[in-house]
Amino acid sequence: TTEAASGTYVRLQQTLGGVDVFGAQMIVQLNEDGQVVSVLSDILRHSPETLSLTPTLGSASAAEKAKQDVASLSKSADDLSASSAGLLVYEPAVAGLEGPTQLVWDVTVASPTDPSLRERVLVDAHNGTVAVRYPLVHDAKYRMIYDGENTYFLPGTLVRSEGDPPTGDEA
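Residues numbered from 1 in each chain as written. Predicted model: local features only at pLDDT ≥ 70, side-chain atom pairs only at ≥ 80, totals over all residues. Heavy atoms only, no water.

Observations concerning the packing of aromatic side chains
Overall, the coordinates contain one aromatic pair when judged by the stated rule. Each ring, one from Phe 22 and one from Tyr 90, has its centre 5.8 Å from the other, and the planes form 65°; the classification is edge-to-face. Highlighted residues: Phe 22 in strand β3 (residues 19-30) and Tyr 90 in strand β6 (residues 86-90), separated in sequence by 68 residues. (Phe/Tyr/Trp six-rings, centres within 6.5 Å; stacked < 30°, edge-to-face > 60°. Helix = DSSP H or I, 4+ residues; strand = E, 2+ residues; numbered from the N terminus.)

Overview of helix α1 (residues 59-70)
The α-helix winds at 3.6 residues per turn, so residues separated by three or four positions along the chain end up facing the same way. Its twelve residues place the ends of α1 17 Å apart at the C-alpha level, agreeing with the 16 Å of an ideal helix rising 1.5 Å per residue. Taken as a whole, α1 has its buried residues at Ala 62, Ala 63, Ala 66 and Val 70. Seen end-on, α1 carries its buried residues on one side only, within an arc spanning 100°. In α1, the exposed positions that point more than 90 degrees away from the buried face belong to Ala 60 and Gln 68. (Expected span 1.5 Å × (residues − 1). Buried < 20%, exposed > 50% of the residue type's maximum accessible area, 1.4 Å probe, protein only. Arc of directions from axis to C-beta.)

Side note on the side chain of Glu 91
Take Glu 91: it is sitting in the loop between β6 and β7 (102-110). Salt bridges are absent for the buried Glu 91, whose nearest opposite-charge side chain, Arg 45, sits at 9.3 Å. Here Thr 101 takes part through its side chain, which lies 2.2 Å from a polar atom of the side chain of Glu 91. (Lys, Arg positive; Asp, Glu negative; His and termini not counted. Salt bridge = Lys/Arg side-chain N within 4 Å of Asp/Glu carboxyl O. Polar contact = N/O pair within 3.5 Å; in protein donor to acceptor, adjacent residues only side chain to side chain.)

Focus: the pattern of salt bridges
Per the stated rule, a full pass over the model turns up four salt bridges. The salt bridge involving Arg 120 is made with Asp 106; its shortest N-O contact spans 2.6 Å. Of this pair, Arg 120 sits in strand β8 (residues 118-124) while Asp 106 is found in strand β7, placing the two residues 14 residues apart along the sequence. Since its relative accessible area comes to 16%, Asp 106 is described here as buried. The residue Glu 119 makes a salt bridge to Arg 133 at a minimum N-O spacing of 3.5 Å. In this pair, Glu 119 sits in strand β8 while Arg 133 sits in strand β9 (residues 130-135), placing the two residues 14 residues apart along the sequence.

Shown next, in the form of structure tokens:
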């Protein structure tokens, strides 16, 4: 529960057999009178019948699998480090993806020499395959260049955006 000027926020985490479900949360906003203002949720909507919540792959092995998966992104794969892994239930539909519900080890792999390389890797806790990997460092650079054409009218004419080829205009 978090108190803010706009009201109270209650965050609920879904679990399955005592294991957190990745991304499956509900957030309830209450006004100062305790009345519900809004509810946001994305949860596991079915209980997988055959999912074993006892891993057959150890956390250290999962960390190694995660490092191997991220190695292709690194200039120096030898210096990768992996966080201690924690168990999660991964239901792709909660994240808008497709695939089977899996018990996974949640591992963060990073490079101490390359601060832009930090990946979250979910490794199947039974067969060691990577269920999903995504970056934790994002490149948000998006530049746009306008030509004011010697006027005070802003912003002018867009002449180049991030990724466009050179315009040939030296200025």
